[in-house]
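# Descriptive analysis of the structure
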Amino acid sequence: MRIVIFGAGIAGLSAAILLKRQGHSVQVFERSPKMNDRGNAFLMHDDGLDLLANLGQSRDFDSMGEPVQYFQLFSQNNEEVKAIRLMPWRCFKRNEVIRYLYQALEENEVIHDHEFESFQWENQKIIKAQFTNGNGVEADLFIGADGLNSKVRDSLFGPTQFSPIFTFELLGFVVDPKKYAQLKGQFKKFQHREKSIAFGVLPAAKNELITVLQFDPKIIAEAGIQEDNHSAIAEYLLADFPDFVQEIMALQTYKDTYIWKTRDFDLIPEFHKSNAVLLGDSAHVALPFSSSGTTNALLDSLALASLLPEASLGQPSLKDLDHVFKKFYKKRAEEVEAQISFGRKLKDQFLQPKSHPLEGQKVPLVKRRPVKINRPPVDRRIKITYFTDPICSTCWAIQPQLRKLVLEYGHQIQIDYRMGGLLPKWHEYNRHGITDPKQVAVHWEEVEAKSEMPINGEIWRTDPPSSSYPPSIAFKAAQLQNPEKAIIFLRKIREALFVAQKDIIDKGLLYEIALSSALDAAQIVRDIEGAAQDNFFQDIALCTKLNIEFLPTLIFSNHRGETRRLVGENDYSILQKTLQDLNPNLKLLDYSRDIRDLFTRYPSMSFKEYLYLSGVSREKASADLDNMCLSGELTTWETQRTKLYLSTVKLEQGFV
């Protein structure tokens, strides 16, 4: 099939590469006289990164862009509002991506100095495209990828009704090795609490930073500042902002800065007409608040290419194309409409700062689409209320059983984590005969010997924790954000204590653990002093009400209100029998026991956990783990008797 694409931007070039691979004859027509590598920079998350990496040479892709691992939001008074670890995002300069995509096409496959003018129709089918220079081109399929102000879109559907322009963005680059080194891997944003002004900065390439100043244009109009006076705009708008912002902008030469006037349009009813279809910003556009444009362009290209037949299958009819394009619209429309809505919501919040406190605002980055969870019906579910504590060694010892339970029963079980308040303080403490920290050291060593879980009790002799309440309250703060991530957070707290011998009361450590658990660390710190305390003491009250005397205690309940209680460490068969007694309808799920799959699911495991979950012999488990360490895929933390194995991939990303 002969395919013509209008626009040699990211959408057009990526579509050309994918369709060429399917055997189609593809040509891209670009209105600029040479490669159009103008533009600023953009952020891209993993949906787009995976596809972009597959469009060219891996060695070229690996050298492009800057990883962005942290997002921090501050007020204009330098108060930290949000702190989040990102995985994985990367910032690219547009020109390097355009050059990367050009390299995957032949020189005669991208034709410059050809601006689209009109289509020639015959029997309700487009047979030819005309260009403003008088040339024309015939094709079986025409793809409009000519951007926000698409002439192809206007030709197919008439003039586009754009939204009003409510915000401006002053964009530019700063070259400074010192600031680059200081900001490497970080996206910092500063936003005014009372005015519609925000400033963001992040690395875009080696020694280069991209700066973005968002603002309501009414502010500069009221101050009498002209749109083309970029230095005056920045100086006026950022006068109240921290020294760090002033230092960055003092490096700005304003030589290549420009203002982007942001606008969008409602989702159009269809992306195609006859044998012409739209991609990327030609088809849909969200306000830049959502950081979704480039990723959407790539996902559009992939979706369309996956639906179009291979060239070897012959030329599709108009009816066939109509069917393909409707499937394409169905596949992409819901997601892009949600992003249009998300961008507008962020814009409205930005323009009404006094009505929308920064603490409640969403991070301005579109996330990977959530995986839909298919929960079984109520009569095939069991709730487990799990009373635990960050310093409870037996709770740590039963991690292999709990992890296997989750793998084998999945969403048929729901585990509700509750804190047990094991150590309020040492003064007048006496619980089950333990009155002194040194006794805990001995107890932990006994638990390690019995359970084979890595536990180092030396901390109780050298620098004993004064209470388990602070990390327990931090866990409740994590639950307020995301119950699943809170479980990861609790696991990491335990690893820090039982294996690494760290002070889990230290707020700085809890902040770092929150970041590595993909939680908003700044919000954790705030909630520790607020709502999390209330939730923690509700857990303590529930312990009293239910007479929880030992940890761990697991209370199993079914949809009929029947309950069973298990205390302490139990054989896995007892856990299974308890579940089956309460609900015989539960089904055992099969799961992959491959070592790499298990470490993808659980990035840190002890020898006992891998042995337990894999079902292999001790000799095989030891050999598997040693081989993974030798290959560099795992590293270890060691105690006197055993080890904790950690995925180096997750470790490098900061998530272990």
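Predicted, not measured: the structure shown is a model, and the values here were computed from it.

The next point concerns the sheet that holds strand β3 (residues 41-45). The mixed open sheet is built from eight strands, whose spatial order is β3-β5-β4-β12-β13-β14-β11-β15. Sheet topology places β3 and β15 (258-262) at the edges, where each strand pairs with a single neighbour. Averaged over neighbouring strand pairs, the angle between their axes works out to 30° when direction is ignored. Relative to strand β14 (residues 208-215), strand β11 (residues 167-175) runs antiparallel, the two sharing eight bridges.

As a further point, take the pattern of salt bridges. The final tally for this structure, using the stated rule, is 33 salt bridges. A salt bridge links arginine 332 to glutamate 335; its shortest N-O distance comes to 3.0 Å. Here arginine 332 and its partner glutamate 335 are both found in helix α11 (residues 318-351), three residues apart, which amounts to about one turn of the helix. For arginine 332, a relative accessible area of 2% corresponds to the buried category.

Where a strand is regular, its side chains alternate between the two sheet faces. For strand β1 (residues 2-6), a buried count of four out of five residues is recorded, marking the element as mostly surrounded by other parts of the structure. Summarising the sheet, β1 and strand β2 (residues 25-29) pair through five bridges and their orientation is parallel. When the sheet's bridge partners are listed, phenylalanine 6 is paired in β2 with phenylalanine 29. Handedness of the β-α-β unit built from β1, helix α1 (residues 10-21) and β2 comes out right-handed. Of the pairings in the sheet, the one linking β1 to strand β10 (residues 141-144) comprises four bridges and is parallel in character. Bridging across to β10, isoleucine 5 finds its partner in isoleucine 143.

The next subject is helix α17 (residues 483-499). When the terminal C-alpha atoms of α17 are compared, their 24 Å separation across 17 residues agrees well with the 24 Å that a helix rising 1.5 Å per residue should span. Residues of α17 that are buried: Ala486, Phe489, Leu490, Arg491, Lys492, Ile493, Arg494, Glu495, Ala496, Leu497, Phe498 and Val499. One side-chain oxygen of the residue at the start of α17 lies 3.0 Å from the amide nitrogen of glutamate 484, identifying that residue as asparagine 482. One or two residues past the end of α17 sits glutamine 501, with phi positive at roughly 60°.

Parameters and conventions
- As a convention, each chain's residues are numbered from 1 in the sequence order in which they are written.
- Under the rules for a predicted model, residues below a pLDDT of 70 receive no local features and side-chain atom pairs below 80 are neither given nor counted, while totals for whole chains, interfaces and linings still include all residues.
- Only hydrogens and water are removed before side-chain values are computed, so all heavy atoms of the structure are retained for them.
- A pair of strands is considered paired only if DSSP assigns at least 2 bridges between the two.
- The secondary structure listing takes helices from DSSP runs of H or I that are at least 4 residues long and strands from runs of E that are at least 2 residues long, numbered from the N terminus.
- The axes are straight lines fitted to the C-alpha atoms, using for helices just the contacting stretch, and the angles between their N-to-C directions are given from 0 to 180°.
- Definition used for salt bridges: Asp or Glu carboxyl oxygen within 4 Å of a side-chain nitrogen of Lys or Arg.
- Accessibility here uses a 1.4 Å probe with only protein chains present; expressed as a share of the type maximum, an area under 20% marks a residue as buried, one over 50% as exposed, and anything in between as partly exposed.
- Handedness is read with the strands pointing away from the viewer; a crossover is right-handed when the path from the first strand over the helix to the second is clockwise.
- Expected helix span is taken as 1.5 Å per residue step, with the number of steps being one fewer than the number of residues.
- N or O atoms within 3.5 Å of each other form a polar contact, as long as, within protein, one can give a hydrogen and the other can take it, and as long as residues adjacent in sequence are counted only when both atoms are side-chain atoms.

This is a description of form; function is not addressed.
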